[in-house]
Amino acid sequence: MNKFHKRIFKRNDNRELFIYGRTEHTEESAQELDVTPPSSPHLRWNPSRHEWVTYSPGRENRTSFPPKKYCPFCPGSNLNFPTEIPFSGFEIAVFPNRWSSFNTHNNNIEISGIKTKPSNGHSEIIVYSDVHDDTIAEMPLDRIQLLVETWNDRYIELLSRDDVAYVLPFENRGEECGVTLHHPHGQVYCYPFIPPVIEKEVAAFHKENFILSMMESLEQKYFVYQDDDIIAAVPPFARYAYEVWIMPKKRVAGPWQFNDQQIKSFSTCFQKVVKGYDSFLNKKCPYIMGLHAAPKLEDKSFHFHIEFYPPLRSEDKPKILAGSESMAGVFIMDVLPEETAIMLREHINK
Ligand SMILES: [Zn+2]
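Residues numbered from 1 in each chain as written. Predicted model: local features only at pLDDT ≥ 70, side-chain atom pairs only at ≥ 80, totals over all residues.

## Side note on the overall build of the chain
And step 1. Within the chain one finds seven helices and 16 strands.
And step 2. In terms of overall dimensions, the chain is globule-like: its C-alpha atoms have a radius of gyration of 20 Å, near the 20 Å expected for 350 residues.
And step 3. On the principal axes, the C-alpha backbone points of the chain span a range of 55 × 55 × 40 Å.
And step 4. In the chain, the share of contacts with a sequence separation of at least 24, taken over all contacts with a separation of at least 6, comes to 65%. (Helix = DSSP H or I, 4+ residues; strand = E, 2+ residues; numbered from the N terminus. Rg over C-alpha atoms; globule rule 2.2 N^0.38 Å. Contact = placed C-beta atoms within 7 Å.)

## Section: the pairing of strand β9 (residues 185–191)
And step 1. Of all seven residues making up β9, six are buried, and the element is well covered by its neighbours.
And step 2. Where strand β8 (residues 166–173) meets β9, five bridges bridge the pair, whose relative direction is antiparallel. If you follow L168 over to β9, its bridge partner there is Y189. (Buried ≥ 20, exposed ≤ 12 C-beta atoms within 10 Å, placed from the backbone. Pairing = 2+ DSSP bridges.)

## Some remarks on the packing of helix α1 (residues 141–158) against helix α5 (residues 260–281)
And step 1. Contact geometry of α1 with α5 gives a least axis separation of 9 Å together with a crossing angle of 115°. Compared by their axis directions, α1 and α5 come out roughly perpendicular. In this structure, the crossing between α1 and α5 has a hand that is right-handed. Counted together, L141, I144, Q145 and V148 of α1 and I263, K264, F266, S267, T268, F270 and Q271 of α5 form the full contact between these two elements. (Axes fitted to C-alpha atoms, helices over the stretch in contact; angles between N-to-C directions. Parallel < 35°, antiparallel > 145°, perpendicular 65-115°, else oblique. Left-handed = near helix turned anticlockwise from the far one by under 90°.)

## Comments concerning the domain arrangement of the chain
And step 1. Split into domains, the chain comes out as domain 1 (5–193) and domain 2 (198–348).
And step 2. Each of domain 1 and domain 2 was reduced to a C-alpha centroid, and the two centroids are 24 Å apart.
And step 3. Taken residue by residue, the interface counts 23 residues in domain 1 and 27 residues in domain 2.
And step 4. Contributions of two or more residues to the side of domain 1 that touches domain 2 are made by α1 and β8.
And step 5. With eight residues, the top contributor of residues to the side of domain 1 that touches domain 2 is α1.
And step 6. When the residues that make up the side of domain 1 that touches domain 2 are grouped by side-chain class, the tally is 15 nonpolar, five polar and three charged. (Domains from an automatic or database assignment. Nonpolar A, V, L, I, M, F, W, Y, C, P; charged D, E, K, R; others polar.)

## Thoughts on the sheet that holds strand β5 (residues 92–96)
Note on sheets: strands pair through backbone hydrogen bonds, and any given pair is parallel or antiparallel.
And step 1. Across the sheet, 11 strands lie side by side as β1-β2-β5-β7-β9-β8-β13-β14-β12-β11-β10; this open sheet has antiparallel pairing. Only two strands of the sheet have a single partner each, and these edge strands are β1 (5–10) and β10 (223–226). Sheet twist, expressed as the mean angle between neighbouring strand axes with direction ignored, is 20°.
And step 2. As paired elements, strand β7 (residues 122–127) and β9 share six bridges and run antiparallel to each other. Bridge assignment links S123 to a residue of β9, and that residue is Y189.
And step 3. Lying on the sheet, α1 is in contact with β1, β2 (16–21), β5, β7, β8, β9 and β13 (287–292); it crosses β5 at an angle near 30°.

## Let's talk about the nonpolar core
And step 1. Counting residues in hydrophobic clusters, the biggest one holds 76 residues, and the most contacted among them are I92, V224, A232, A233, V244, I246 and V273.
And step 2. Top element by residues in this core is α5. It accounts for eight residues.
And step 3. Each of domain 1 (5–193) and domain 2 (198–348) accounts for three or more of the residues forming this core.
And step 4. The residues touching V244, leaving out its near neighbours within four places in the chain, are V224, A232, A233, V234, V273, F308 and L344. (Core = buried A, V, L, I, M, F, W, Y, C linked by C-beta atoms within 7 Å.)

## Some remarks on the packing of α5 against helix α7 (residues 337–348)
And step 1. In the contact formed by α5 and α7, the axes pass within 8 Å of each other and the chain directions differ by 105°. Taken as axis vectors, α5 and α7 run roughly perpendicular relative to one another. Only M343, L344, H347 and I348 of α7 make contact with α5, whose side of the interface consists of K272, V273, G276, S279 and F280.
And step 2. Looking at side-chain class alone, the contact of α5 with α7 contains five nonpolar, three polar and one charged residues.

## Topic: the sheet that holds strand β4 (residues 51–55)
And step 1. Spatially, three strands are ordered β4-β3-β6 in an open sheet, and the strand pairing comes out antiparallel. Either end of the sheet is taken by a strand with one partner, and the two such strands are β4 and β6 (116–118). Within this sheet the neighbouring strands show an average axis-to-axis angle of 30°, counted without direction.
And step 2. Here strand β3 (residues 42–46) runs beside β4; their pairing, made up of five bridges, is antiparallel. Across the sheet, the residue bridging to L43 is T54, located in β4.

## So, unusual backbone geometry
And step 1. Despite not being glycine, H50 shows a phi value in the positive range, around 55°.
And step 2. You can see H50 is positioned in the loop between β3 and β4.
And step 3. Even without glycine at this site, N282 takes up a positive phi of about 60°.
And step 4. Counting through the fold element by element, N282 comes out in the loop between α5 and β13.
And step 5. For N282, a count of 9 C-beta atoms within 10 Å corresponds to the exposed category.

This is the structure:
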């Protein structure tokens, strides 16, 4: 197993910046960003959908589309202004989101007739590289493995918190998915409750491991990449034209249960899927990607997987969640998963 170093750097606001790497990070810090007041988001109960909605006023002031030289995720000490990472280099950096939609505090607000509570929890940014225009598709495989190990470290630490019920690492890629900063990065949201989509999945896995049940047809018709440990497939019930799931062939509750070989297979597959998407569209493919792991480190039924949703209807036509999807929750599809699997398989296995 490769070396895994974690540096904990106490910031000027007393919160922690983590630097993960294969080599130990000992550099002295340069100037830090100014201290920002912590966010106090709140939750309101939507009695129609039986779902919480988070309100985080102040988010509209967040940094948006800076020119490259003002990127807040580039290493700061080479520049003449501070950034989130006050060093001249790093492998992977993780720090709290300054405009978090989930942040443990006790400032509730009252609204008559509506149930509210503080939007407790936490959220973090994971910067995958210190190179501004780096991409998952082109990184050395070991960097993806380091990213998986970083996710695992975050899962183990964050799931132990009393104010966190679910940890969701995800990435929005491309302006089509609302990305305002193009430096390669993802996020980790820590919810104080189990989010509704995950709650449904937990219930589904309690009834049956549908991933294992459909594994044979996935391997035959729907796969876009596979090796002994892992399969990437367009699910037969995809709601996006080029939706892909990455699934370990043997059930694990989360990537923290992977052995070294499984981490390597998973990382290879992850990179091949992103590279295949980019090759298919001939540009950086926009997508929403999220890790669906069990709510607890120990879980006997949940089957960990990653879901990718490129916001595309076909080729480069955008998919808009319109009337049926938004109002009724019923997705309408123009292309069949059997067909998109064939197209993607060619690009992912190049
Ligand atoms: Zn940058």
